[in-house]
Amino acid sequence: MKQVQVFDPALCCSSGVCGTDVDQKLVDFSADVDWAKQQGATIERFNLAQQPMAFADNAAVKDLLQKSGEATLPVVLVDGQVMLSGSYPTRDVLAQWLGIPLAPSIFSAQVAELVAIGAAIASNCEPCFKYHFDAARKLGVSDADMLQAVNLAQQVKDSPAKSVLDLAQRFLQPGAVAAADAAPGSGCCGGSSKAASDSSAKTAGCCGAAPAEPAKASTGCCGGTAADAAKPAAKCC
């Protein structure tokens, strides 16, 4: 596979996420470089701030810098030949240079709106649905396709509710409670239902607050007994 060399301008790092100002084009290119390397490509990057000798030692890059200054950066070479200067290549262009086949993307603007409509249904967001409904119609998406996205989202949304409803119905069948009591680990926190019920007098289990303690004799105003509170000297409040 061909060798790619990228001569970057002076950067604190090549990822594009350093500092407060994020360069999205640099972020995208860094992701494309990682992708190309995963496909087996050999890509080297040189930073003017950290590796100035690499710029001086490459005749083609040195010549471009002398003619146009740092505005010519980045410079991208493929097998030593200058392919691009002043900007970063897209993934499609990079793949074309390297001979990496790309699967055609089906994620069009129309598909994006259908996904957003489904997400609006799943999240019960009325303003979201209205916005993406209008956007989809402007892009020529049919009502039938939008309805299909809505129905599919609703099926996904209803699935967990149906599962827990089925569980409740199974437990409420005749004999199901007795079977649950006999089965270990069937209680709310891993114990049997009977054990959870027996222990509820002392603890609340995992699904509720502890029951109130029974009233004690020490019900006086400041913690004394009721008899103490009835004495003349018990006026602490």
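Trainee: So what's going on with the packing of helix H1 (residues 24-38) against helix H4 (residues 91-98)? Residues and values would help.
Mentor: Angle between the axes and distance between the axes are the two parameters that describe a pair of packed helices. Across the interface, H1 lies against H4 with an axial gap of 10 Å and an inter-helix angle of 30 degrees. The angle between H1 and H4 places the two elements in the roughly parallel class. Once H1 is placed against H4, the crossing between them reads as right-handed. Here H1 contributes Ala-31, Asp-32, Trp-35 and Ala-36 to the contact with H4, which in turn contributes Arg-91, Leu-94, Ala-95 and Leu-98. Tallied by class, residues from the contact of H1 with H4 come to 6 nonpolar, no polar and 2 charged.

Trainee: Account for the state of the cysteines, naming residues and giving values.
Mentor: One pass over the structure, following the stated rule, counts 1 disulfide. The disulfide that involves Cys-125 links it to Cys-128, with 2.2 Å between the sulfurs. As the torsion about the S-S bond is roughly 65 degrees, the Cys-125-Cys-128 disulfide counts as right-handed.

Trainee: Can you lay out the layout of surface pockets for me, pointing to particular residues and giving the numbers?
Mentor: Each pocket or cavity is described by its volume, and for the largest pocket that value is around 160 Å³. As for the largest pocket, its lining consists of Lys-25, Asp-28, Phe-29, Asp-32, Ser-87, Tyr-88, Pro-89, Thr-90 and Arg-91. Looking at which element gives the most residues to the lining of the largest pocket, the answer is H1, with 4 residues. Split into classes, the residues belonging to the lining of the largest pocket amount to 3 nonpolar, 2 polar and 4 charged.

Trainee: Describe the pattern of salt bridges, listing the residues and the values that go with them.
Mentor: Using the criterion set out here, one finds 5 salt bridges in the structure. With a shortest N-O distance of 3.2 Å, Asp-63 and Lys-67 are connected by a salt bridge. Taken as a pair, Asp-63 and Lys-67 lie in helix H3 (residues 59-68) at a separation of 4 residues, close to a single helical turn. Taking the relative accessible area as the measure of exposure, Asp-63 reaches 32% and is therefore partly exposed. Assessed through its relative accessible area of 63%, Lys-67 is described here as exposed.

Trainee: I'd like a rundown of the confidence of the model for the chain, residues and numbers included.
Mentor: Across the chain, the average pLDDT comes to 81, with 72% of residues at or above 70. Every residue in residues 192-197 is under pLDDT 50, and counting partners more than four places away or in other chains gives 11 contacts. Across residues 214-226, confidence stays below pLDDT 50; counting only partners more than four residues off in sequence or on other chains, it has 16 contacts.

Trainee: Please give an account of the side chain of Asn-58 that cites residues and values.
Mentor: Inspection of the secondary structure puts Asn-58 in the loop between helix H2 (52-57) and H3. Polar side-chain contacts of Asn-58 include one of 3.1 Å to the backbone nitrogen of Val-61. Every residue in contact with Asn-58, bar those within four places of it in the chain, is listed here: Gln-5, Phe-7 and Leu-77.

Trainee: How would you summarise the environment of Ile-100 if you had to cite specific residues and measurements?
Mentor: Tracing the chain through its elements places Ile-100 in the loop between H4 and helix H5 (109-122). Along the backbone, Ile-100 and Ala-41 are 59 residues apart, and their C-alpha atoms lie at a distance of 8.8 Å. Not counting residues within four places of it along the chain, the set of residues in contact with Ile-100 comprises Met-1, Trp-35, Ala-36, Gln-39 and Ala-95.

Trainee: Explain the packing of aromatic side chains residue by residue, including any values.
Mentor: Taken as a whole and judged by the stated rule, the model has 4 aromatic pairs. Their ring planes at 20 degrees and their centres at 5.9 Å tell us that Phe-129 and Phe-133 sit as a pair that is stacked. Taken as a pair, Phe-129 and Phe-133 lie in helix H6 (residues 126-138) at a separation of 4 residues, close to a single helical turn. Using a relative accessible area of 29% as the deciding quantity, one classes Phe-129 as partly exposed. The exposure class of Phe-133 is partly exposed, given its relative accessible area of 23%. Three or more aromatic residues joined by ring pairs make a cluster, and in this case those are Phe-7, Phe-46 and Phe-55.

Thresholds, definitions, all that
- Residues numbered from 1 in each chain as written.
- Predicted model: local features only at pLDDT ≥ 70, side-chain atom pairs only at ≥ 80, totals over all residues.
- Heavy atoms only, no water.
- Axes fitted to C-alpha atoms, helices over the stretch in contact; angles between N-to-C directions.
- Helix = DSSP H or I, 4+ residues; strand = E, 2+ residues; numbered from the N terminus.
- Parallel < 35°, antiparallel > 145°, perpendicular 65-115°, else oblique.
- Left-handed = near helix turned anticlockwise from the far one by under 90°.
- Contact = heavy atoms within 4.5 Å.
- Nonpolar A, V, L, I, M, F, W, Y, C, P; charged D, E, K, R; others polar.
- Disulfide = S-S within 2.5 Å.
- 1 Å grid on protein atoms, 1.4 Å probe; cavity = no way out; pocket = protein on both sides within 12 Å on 5 of 7 lines; lining within 4 Å.
- Points joined across faces, edges and corners; volume = space filled by probe spheres on them.
- Salt bridge = Lys/Arg side-chain N within 4 Å of Asp/Glu carboxyl O.
- Buried < 20%, exposed > 50% of the residue type's maximum accessible area, 1.4 Å probe, protein only.
- pLDDT = per-residue confidence, 0-100.
- Polar contact = N/O pair within 3.5 Å; in protein donor to acceptor, adjacent residues only side chain to side chain.
- Phe/Tyr/Trp six-rings, centres within 6.5 Å; stacked < 30°, edge-to-face > 60°.

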